[in-house]
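Geometric and topological summary
Letter by letter, the chains look like this.
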Amino acid sequence: MEINKGWHLEGVAVASDGRTPVPVLSLEQLRLKPDKLTLIIGRNGAGKTTLLETIAGLRLPKEGQISLDGQPLWQSGKLNRNVLLQFGISLQHSESQWFAKTVREELRYSLKPFTMSEDSREAAIAAALQEAGLSPDALERDPWTLSGGEQRRLAWACLLAAQPRWLLLDEPTAGLDAEGIRMLRARLTSHCKDGRGAIIVTHDVSALADIADEIVEIADGRIVSEFSADQWLSGREDEVSSAQSVRLGSDAVATAAALRSAGFEMPDGLITPDQLAAVIAAQLKPATGSGNYSPSLLEIKADLNYSEAVSLTEPEFPEHRWAALDPRALWAAYLFIAAAIMMQGHPLGILAGCLFTGAVLSGMVRFVRPWLGAVRMYAIFVALFVIVSGINFSPLALQLQTMKETALYFSKIFLVMLLGLPLISFVSPLRLQRAIEQGLGRLTKYRFPVSEIALTVALIFRFIPLLTSEWARFSRIVHARGKAVTVPGSVPLRDLHRVLIPFLISMLRLADQMSTALEVRGFGRRTGAPKLAYKLRFSRSDTRFVVYAGLIWLLFAFLNRILQA
């Protein structure tokens, strides 16, 4: 029976959540032994975090089997609670996971899935606080008022309270000082000596390699090598010793070591904070004229820096020919088509709109896929609204004509919404901002705030994916801490309020940070005209695209006139 002990992954494949569901993890077989500390290593984007989240049930495998001690992680489309209760997971940025008003409530929430008496619960909380190095006085404090180090200790206490057999940790050394790393190493060593296991995703291999047992290297979503920690350490003793010695030195030296391990070129030996800042700035600064730029860097410079122009090229377009069109042409065509659909008053006209929408979207499924959840919610809302609109209470009856009119009206809005979804992918916030600035540029002489409006619209579009990303992050947290057995991405109704409150707080915090950044960059105090990084040019293809959309509007207008006659 010993062969079934520990984690066993076989034929596991996980697809991305993006527009094109490409494989991001593909494992033939992986066994992780109990009472061992296993490190998962690899470059950024290799699939390390995906592997950890898949083991924790936070990602639904496309295929394959995952089991712990012979028990399957998934049963009949749901997570196996018996397996969930065997481990605790700490995600990246674990200090930003708080749901409750006090530290005590946070710890009680982490213990909620476990059956225990009240006395046992309080004893577990007290023991976890002590082991994590937090004072009992912190129990009644708001978690968000704790310092960064105290919040990381609280995240550790939330794990320890349940005394899990397995610890699943994602980059636990990130943000820790030398003392924090020493405490982490001591806890992990004690945890494994007690016969329990740990799986740790890390870039900082040298911090944990000498206390680890096994090391698994991931590249491109596949296991490229498995070896014992002793094998990895062979020939690297001086490198590991030097790296650990650096952590006992200044923060700047420790930061330089971490950056070096992440791929930055750093000078050897001691380094001052000023020297460190100069080295980082030099390696982050893009080479003018190369044409290879990070979209995020491009957009920040072009959107927020009004003092000087930067020689930049446009970002790459999504893989669709319409994405290369001028945003002004796309939006003008969209308005033509939206008007054509909204003018239809006959069921056959709306049917024609459905056929046209289906034909247009048939080659854009990957651009609509991220919004399928919202589309389903809208469809459910429309169905309920149509039913309610047809109910007559005096006397009680169902008015089919009213239901038909309501359904036709919301169907038109639904089609217009569907056609607009790909535009979110086709038009980047930067290009949308440029389109507004150039389209309304002549109004600036009348003191019309064109730049301010353009930037506001661009920021709103930028917030849309940020909203979905933050919601997904909090849903993963509630699954991890609440031991939910539902499919990842959904939030149990009983925990909805726990996700909603921190989600709103996170959005407000991000908005405040953005406001501060805009103020620091002088937004609103600009004295001259903005100098644009590049300008949009309306081509013949753009003109033809708008003309075709206008012709479609005429055809729909003619169809509507015939049907209404």
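Residues numbered from 1 in each chain as written. Predicted model: local features only at pLDDT ≥ 70, side-chain atom pairs only at ≥ 80, totals over all residues. Heavy atoms only, no water.

Parts of the prediction with low pLDDT should not have their coordinates interpreted in detail. When pLDDT is averaged across the chain, the result is 79; 79% of the residues are at 70 or more. Predicted confidence is poor over residues 246–250, with pLDDT under 50, and the contacts of this stretch with residues over four places away or in other chains come to 12 contacts. Within the model, the stretch residues 286–316 combines pLDDT values under 50 with 55 contacts to residues more than four positions away or in other chains. (pLDDT = per-residue confidence, 0-100. Contact = heavy atoms within 4.5 Å.)

Summarising the element assignment, V427 is placed in the loop between α17 (400–426) and α18 (429–439). By relative accessible area, which is 1% here, V427 ends up buried. Spatially, the C-alpha atom of V427 lies 6.2 Å from that of P327, the residues being 100 residues apart in sequence. When neighbours within four sequence positions are excluded, V427 is seen to be in contact with P327, L330, W331 and L432. (Helix = DSSP H or I, 4+ residues; strand = E, 2+ residues; numbered from the N terminus. Buried < 20%, exposed > 50% of the residue type's maximum accessible area, 1.4 Å probe, protein only.)

Inspection of every chain in the model, using the stated rule, returns 11 aromatic pairs. Judged by centre distance (5.9 Å) and plane angle (80°), the ring pair of F356 and F556 falls under edge-to-face. With F356 in helix α14 (residues 347–361) and F556 in helix α21 (residues 540–564), the pair connects residues that are 200 residues apart, well separated along the chain. According to the relative accessible area criterion, F556 is buried, its value standing at 8%. Measuring from ring centre to ring centre gives 5.6 Å for Y378 and F414, while their planes differ by 5°; the resulting arrangement is stacked. Taken together, the residues span a long stretch of sequence, with Y378 in helix α16 (residues 372–389) and F414 in helix α17 at a distance of 36 residues. With relative accessibility at 22%, the residue F414 sits in the partly exposed group. Grouped by ring-pair contacts, the aromatic residues F381, F385, Y409 and F410 constitute a single cluster. (Phe/Tyr/Trp six-rings, centres within 6.5 Å; stacked < 30°, edge-to-face > 60°.)

Moving on, we come to the side chain of T173. For T173, the position within the fold is in the loop between β9 (166–170) and α6 (178–193). Setting aside residues up to four positions removed in sequence, T173 forms contacts with L184, T202, D204, A207 and L208.

So, about the pairing of strand β3 (residues 37–41). Most of β3 sits inside the fold, with 5 of its 5 residues counted as buried. Residues L37, L39 and I41 of β3 are buried on one face, and the alternating residues T38 and I40, pointing to the opposite face, are buried as well. Sheet topology places β3 next to strand β10 (residues 197–201); 4 bridges connect them, and they run parallel. Note that in β10 the partner of L37 across the bridge is A198. As defined by bridge partners, β3 adjoins strand β11 (residues 214–219) across 4 bridges and the pair is classed as parallel. Bridging across to β11, L39 finds its partner in I215. (Pairing = 2+ DSSP bridges.)

Glancing now at a nonpolar patch on the surface. On the surface, I387, I391, F393, L396, L398 and L400 cluster together into a nonpolar patch covering about 680 Å² of accessible area. Mapped by element, the contributors of at least two residues to the nonpolar patch are β13 (391–393) and β14 (396–398). Of note, F393 is situated in strand β13. (Patch = residues over 30% accessible without salt bridge, like charges linked within 9 Å, V, L, I, M, F, W, Y side chains within 5 Å. Areas by Shrake-Rupley, 256 points an atom, 1.4 Å probe, with all protein chains shown as cover. Salt bridge = Lys/Arg side-chain N within 4 Å of Asp/Glu carboxyl O.)

On to the side chain of R481. With respect to the secondary-structure elements, R481 resides in helix α19 (residues 450–482). Overall, R481 belongs to the buried group, its relative accessible area being 6%. Within polar-contact distance, the side chain of R481 engages the side chain of S110 at 2.9 Å. (Polar contact = N/O pair within 3.5 Å; in protein donor to acceptor, adjacent residues only side chain to side chain.)

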